[in-house]
Amino acid sequence: MRTSKNLPAFVTAVAVVLGLSACSGGDDGAGASRAKPTNCTNKIVHEDATRVSVWAWYPNMAKVVDNFNNTHTDVQVCWTNAGQGQPQYEKFQTAISAKKGAPDVVMLESDQLVGFEIQDALVDLAPFGADTVKKNFSEGAWKDVSQGTAVYAIPVDGGPMALIYRTDVFRKYGITAPPKTWPEYAAAAARVKAAGGPVFGDFGSNVPAVTTALMMQKGAQPFGYDLSDKQNITIKLDDQATKDVLTFWGDLAKNGLVGKEDQFTTDYISGMVGGKYATYVSAAWAPGYLTGAGVGGGTEKGTWAVAPLPQWDPANPVEVNWGGSTFAVTSQASDKAAAAKVAMGLYADEPSLTDGWKSQTIFPLNTGVLTSTEFVDARSEFFNGQTANRDVYIPAANAYRGAVYSPFTVYYYAQLQAQIVKLNAGQTTGAQAATDLHDEIVKYAKTQGFTVR
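Residues numbered from 1 in each chain as written. Predicted model: local features only at pLDDT ≥ 70, side-chain atom pairs only at ≥ 80, totals over all residues. Heavy atoms only, no water.

Novice: Quick question: what am I supposed to make of the sheet that holds strand β15 (residues 325-329) here?
Specialist: Pairing between the strands of a sheet comes from backbone hydrogen bonds, and it takes one of two forms, parallel or antiparallel. An order of β2-β1-β3-β15-β6 is seen for the five strands of this open sheet, with the pairing classed as mixed. A single partner strand is all that each edge strand has here, and the edge strands are β2 (75-80) and β6 (154-155). Docked against the sheet, helix α3 (residues 86-98) engages β1 (50-55) and β3 (105-109), running at close to 130° with respect to β3. In the packing of helix α13 (residues 336-345) onto the sheet, the strands contacted are β1, β2, β3, β6 and β15, and the crossing angle to β1 comes to about 55°. (Pairing = 2+ DSSP bridges. Helix = DSSP H or I, 4+ residues; strand = E, 2+ residues; numbered from the N terminus. Contact = heavy atoms within 4.5 Å. Axes fitted to C-alpha atoms, helices over the stretch in contact; angles between N-to-C directions.)

Structure follows, in structure tokens:
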């Protein structure tokens, strides 16, 4: 890893925000032998081929790996599930700090990329032909994995956001059409409450990525950061757009129009399935959590519909994204060309992508799927036969323009979560929460050696 006395002290920052200061370097076997990893949970079809170790957690990863290995004679994937999300990131950070033990290819969510890029832990894939697959993705999807001409990961799936709503609740309380603007959303919430109905939505503190996306939809640009200028960062969290969004949702919660529960818990999903909430502001993959693909074991279907995300200015709609994963090549990969081939080829074949959206409820970002008749015209059983992809999700994905994330996403999310907790407890206002959040993140950035502009 390249070092510079002018580089911010980010390695320490990552260790702190991920709780790794007491962890020791190690190797779980997935990347133990750089020449030929052997601790695979899948079958190696061609024994003499170059092996590339991969950490990934997609539910159908075993099938995806088999699809790749069965169609490639020169390179084979040796796959390990090292944990989903945070647990895997902690292991990866440990390997980075120890300078050994990382896989050749690692699955990362797009909002986590910069934090590893700044440590020189990921390989620029541009010299290995990344531009040959650029045409397969939208402008926004590609921006999320790029820094200038450098490409640090290959997109796989995303989370275009929309408004999921219960048709039975809307019908019962006379909501004849889903709200097209956020003021209409608030008005509908007040109408349902006045009639004795359920809360309209939820302002959960444990989904700060959602709040951040909604801030960006309003026009906020929380961070400006470019790896070509590692020392400097722009932070704008006390702007009017951020204050407006936090005030909007804080007021809804204060007035009892939306709930304040943590999302993704069994109780929350049971409440959603049981009619406790009229709407769910979420991503294209959200139905999986209500139909048993995620936690909760829900089997709900047919009482839901989906509409475009409400807007602040309908004349100038802004689409945002929540979630989405990528494949990146780590700097510890011994054969970076072979690893790049895997990163570009995994979950890129038609059988894997089709299985992903049909049985795993991922929303693929590959335009080959997004333009296929089968995907575009698919009628969703969950949405009572609605052509949700064509009506809502594909237009949202195509209109998404990408986002700029900070090098310390985990810490930022933790501080935003703390402010939402205070908002929901009535201990602060939206405007004050934005100011306090801004001040805390600026302070933190400076302690890590950044110059804040």
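Novice: Explain the pattern of salt bridges here, please?
Specialist: Opposite charge on two side chains permits them to pair, given that their charged atoms come into close proximity. This structure, assessed with the given rule, holds twelve salt bridges. Between D74 and K341 there is a salt bridge, with its nearest N and O atoms 2.5 Å apart. Of the two residues, D74 sits in the loop between α2 (61-70) and β2 while K341 sits in helix α13, which places them 267 residues apart along the sequence. For D74, a relative accessible area of 39% translates into the label partly exposed. Take K341: its relative accessible area is 35%, and that puts it in the partly exposed class. (Salt bridge = Lys/Arg side-chain N within 4 Å of Asp/Glu carboxyl O. Buried < 20%, exposed > 50% of the residue type's maximum accessible area, 1.4 Å probe, protein only.)

Novice: Please explain the packing of aromatic side chains as it appears in this structure.
Specialist: We describe a pair of aromatic rings using the distance from one ring centre to the other and the angle between the two ring planes. Overall, the coordinates contain 33 aromatic pairs when judged by the stated rule. Taking 5.0 Å as the distance between ring centres and 80° as the angle between the ring planes, the aromatic pair formed by W357 and F375 counts as edge-to-face. Of this pair, W357 sits in helix α14 (residues 350-359) while F375 sits in helix α16 (residues 373-376), placing them 18 residues apart in sequence. The class of F375 is buried, set by a relative accessible area of 1%. Summarising the aromatic geometry, the rings of F382 and F383 are spaced 4.9 Å apart at their centres and angled 75° between planes, so their arrangement reads as edge-to-face. We note that F382, like F383, is buried. These aromatic residues form a ring-pair network of at least three members: Y165, F170, W182, Y185, F200, F203, F248, W249 and W312. The ring of W304 carries the charged tip of R166 above its face, separated from the ring centre by 5.0 Å. Here the guanidinium or amino end of K218 rests over the ring plane of W312, the centre of that ring lying 5.1 Å away. (Phe/Tyr/Trp six-rings, centres within 6.5 Å; stacked < 30°, edge-to-face > 60°. Lys NZ or Arg CZ within 6 Å of the ring centre and 35° of its normal.)

Novice: What am I meant to see in the sheet that holds strand β11 (residues 232-235) here?
Specialist: If you trace the three strands from one edge of the open sheet to the other, you get β10-β11-β17, paired in mixed fashion. Across the chains shown, the open sheet's two edge strands, defined by having one partner strand only, are β10 (223-224) and β17 (451-452). The pairing of β11 with β17 spans two bridges and is parallel. Residue pairing across strands places I233 opposite V452, the latter belonging to β17.

Novice: It is not clear to me how the nonpolar core should be interpreted in this structure. Could you clarify?
Specialist: Soluble globular proteins: nonpolar side chains tend toward being buried together. Of all hydrophobic cores here, the largest spans 148 residues; its most connected members are F92, Y185, W249, F327, Y393 and F408. For F327, the contacting residues outside a window of four places in its chain are A56, Y58, M61, V105, V106, M107, A153, I154, V156, A343, L346 and Y347. (Core = buried A, V, L, I, M, F, W, Y, C linked by side-chain atoms within 4.5 Å.)

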